[in-house]
Amino acid sequence: MKRILQKSTPFAMAGVLCAVLAGAAGAQDNAPEPMLKKTVQTAVAAAGQRLPLEVPAGQVVQLRITGENVHVDLRDAQGRHLRRLAENGRGVQTAMWRTQGAQHEQLWATPVLAGQPATAGLQVLQTWTSDGPAPLSAADTPMGPQLQALQQAVARGAGTEAFWQTVQQQGAPLVEPWQDGQLLVTFVWRDRGNTNVRLFGSPSGDHNPLQKLAGSDVWWTSVVMDPRARLSYGLAPDVPQIADARQQRRMILATLQRDPLNPAVFPTAPWGGLDDIHQGRSVLSLPQAPAQPWVAARAGVPRGTLTRHVVHSAILGNDRDVWTYVPAGAGAQGVQGLLVLFDAHAYVHDVATPRILDNLVADGLLPPVAAVIVGNASPEARGDELPPNPQFARFMAEELMPWVQAQGLGQMARRTVVAGSSYGGLVSSYLGLTHPELFGNVLSMSGSYWWAPEGEAPGWMQRAWQTLPAPMPNVRFYIDAGKFESGRGARDGILETTAALGDVLRARGLWVMQRSFVSGHDYVQWQASLGCGMVALLAPQHMQLSRVRGCKGVPQ
C-alpha cells in the first residue's frame, strides 16, 4: 500500500508537553495522589526526548496523548522498552497503566520520520490510588478433561512442566468437546506470583476471574462456546483495586495484555510490528468460525493508494484526520463506488480496510471502490458527535462531502455506502435518515441502537425511522450484530436493538439484509462484516456465490 502523508495541520497542543509532577522530586511511594498542576513546555529532540513524569509507584494513571511524527513509550531505568502508550498517526489517544515509579520507568517521545518536526502533547486525565491487587473472586466454571487430569496428577505430587510444554506447542486456549455439540474453551495463565488474573473479552461481557488450580502454577477459567465463535481477548494479571467502585471495572485496562501462549494476534502486526505484549489482542477462532478470505495480504493483488489529510470543520470548530483510499487502476476504469467509514484510528491501523477493498476488487466481487475513512477529533468528540447530532450531520453534508467531491471521489447516493461499527453504525443510520440524497446505503456493524438522548427511552433510532413521514427515502441497509451482544436482565442489548431496527425498516418498506454472527463487540468480526456489507450493498448478486458463504451468518 502506497502511503502519502499530505501537509497537515498540527494538533492543537503541538509543541507542548504536559506532564504531571507529583509533589517534589523523589516523592515516596506513599505520596498523596498527584494532580495536574504544572505544564512543562519542551521540544522533542531528533534522537528522542525523556519526558518529566513522576508518579508514585502503584498509582494508576490515565494519559491523553496527542502528537505528530512521534511515538510515546515507557522504558525501564536502563532505557529498554516496556510498553507503547501511543503510536504515530492514530490521532488523539488515551493510555492507562499502573506505574512502577520514576526510579523504575521513564516516559519517552521518539520521532518517527527523520528530518521532520516531532510534536507531542500529554495531559493526565486522571490518577487513582491503588490499594493493591483486587481481591480474588470466586468462580464457578466447568473443568475440562485436560485440567481434571492435571489436577489429579498434581494431587499425586507431579509438577506442571509437561502441561505447560503441551500448551506451548498446541497454543492457548485449550479447546475440548463438550455437551450438545458445544466446545469448552479454557483460558490459562502461568503464575508469576500473581494475586488475581482476569479475562477481557469473554462472551458474557464480564471480566471473568481466573482461579488457581490448587497446588500448582495454573490459573484458569472455562467458557462453553458455539463452535462457530470468533473473538479477540486479553488477560490482565494483578488488576489493581481502587476505592471508586464506579471506576473499578476500568482498572483491567491498566494491566491488560495479550495471551503469551496464543500466537494468533489482532491486528496481525500490532503497532507497526513492535514486540509489545500490551498491544493488540489475542484471537480465538473455533473450528466452524466463518472464513474471512479478504482480510489477509495476498501476493500479486494490485494495491490502492492511501493518503492522509487533515480536514477543518468551521461548523464543529475542530480538525480531524481523514484518509482517502483510491483503488489500483482507478484511472483506467474510473471509481465506481464510495465507502465513507468512521473511526479511522481503527479502520486504518487495525482493520486493514484498504487491503480488504483491494482483495474484493481483485476477486471480482466489487467494482473499483474508493474510500474516505473519517477520524475523530478526539475520543471525547467521538462521544459527542457520532450519537445523532445535527451539527455533525451538517459537517458531513456541508463540509466533508463537498471536500470529497473536490478530491474527485464523489459518487451518486446509490453508489455511496456510509459505514461504521458501534457509534459508527449508529451515525451511519442517522445519516441515511437525514441525508439520503448523499448516502443511499448504510452498513452498520453492531450499531449502538440502545442509544437515546438523556431522559428518553432506549431506541431513539428505531423511533426516528418508524415515525419518518412518507415517502420513505431510497436507502438500503446491511446491518449485523454478534450473538455475544445480547442484553442483560430486562435491558435489551445491541443484538436485540439491531433486530428491532431491522423490523422497523422492513415494515417501512426498505431493503434490509440482516445478519448475526457468533461474536461480540469486536473488530475481529467487523473486519469480515465490512467486506460482507460492501458486497451486499454494491454487488448483491454475488452474495449467493460460494466465495461469500462466510457472510451467511447464523439464524437470528
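Residues numbered from 1 in each chain as written. Predicted model: local features only at pLDDT ≥ 70, side-chain atom pairs only at ≥ 80, totals over all residues. Heavy atoms only, no water.

(A) Quick peek at the overall build of the chain. Scanning the chain for helices and strands turns up 11 helices and 24 strands. Each of the three principal axes of the chain carries a C-alpha extent, and together these read 70 × 60 × 55 Å. The long-range share in the chain, meaning contacts at least 24 apart out of those at least 6 apart in sequence, stands at 75%. Positive and negative side-chain charges of the chain, numbering 45 and 42 respectively, have mean locations separated by a distance of 5 Å. (Helix = DSSP H or I, 4+ residues; strand = E, 2+ residues; numbered from the N terminus. Contact = heavy atoms within 4.5 Å. Lys, Arg positive; Asp, Glu negative; His and termini not counted. Charge placed at Lys NZ, Arg CZ, Asp CG, Glu CD.)

(B) Summary view of the state of the cysteines. Here the structure, examined in full by the defined rule, presents one disulfide. A sulfur-sulfur separation of 2.0 Å characterises the disulfide bridge that pairs Cys532 with Cys551. The S-S bond linking Cys532 to Cys551 shows a torsion near -85°; that makes this disulfide left-handed. Taken together, the residues span a long stretch of sequence, with Cys532 in helix α11 (residues 523–538) and Cys551 in the segment after α11 at a distance of 19 residues. Residue Cys532 is classed as buried on the basis of its relative accessible area, which comes to 2%. (Disulfide = S-S within 2.5 Å. Buried < 20%, exposed > 50% of the residue type's maximum accessible area, 1.4 Å probe, protein only.)

(C) Broad picture of the sheet that holds strand β10 (residues 183–190). Spatially, β9-β10-β13-β12 is the arrangement adopted by the four strands of the open sheet, whose pairing is antiparallel. The open sheet terminates on both sides in strands that have one partner only, identified here as β9 (174–177) and β12 (211–212). With eight bridges joining them, β10 and strand β13 (residues 218–225) adopt antiparallel strand pairing. Bridge pairing in β13 places Arg190 opposite Val218. Strands in contact with helix α2 (residues 161–170) are β9, β10 and β13; relative to β10, the strand with the most contacts, it is inclined by about 115°. (Pairing = 2+ DSSP bridges. Axes fitted to C-alpha atoms, helices over the stretch in contact; angles between N-to-C directions.)

(D) Up close: the packing of aromatic side chains. Under the defined criterion, the tally for this structure stands at 10 aromatic pairs. Each ring, one from Phe187 and one from Tyr233, has its centre 4.9 Å from the other, and the planes form 70°; the classification is edge-to-face. One end of the pair, Phe187, is in strand β10; the other, Tyr233, is in strand β14 (residues 230–237), with 46 residues separating them in the sequence. On the accessibility criterion, Phe187 (1% relative accessible area) is buried. Since its relative accessible area comes to 0%, Tyr233 is described here as buried. Ring centres of Tyr423 and Trp450 lie 6.2 Å apart, and the angle between their planes is 40°; this geometry places the pair in the tilted category. With Tyr423 in helix α8 (residues 423–434) and Trp450 in the loop between β22 (441–445) and α9 (460–466), the pair connects residues that are 27 residues apart, well separated along the chain. Assessed through its relative accessible area of 18%, Tyr423 is described here as buried. (Phe/Tyr/Trp six-rings, centres within 6.5 Å; stacked < 30°, edge-to-face > 60°.)

(E) Geometry of the pairing of strand β17 (residues 305–313). Of the strand pairs in this sheet, β17 and strand β18 (residues 318–326) are connected by nine bridges, and their pairing is antiparallel. What sits directly across from Thr307, in β18, is Thr324. Between β17 and β18, which pair antiparallel and follow one another directly, the connecting turn spans four residues, one of which, Gly317, has a positive phi of 70°.

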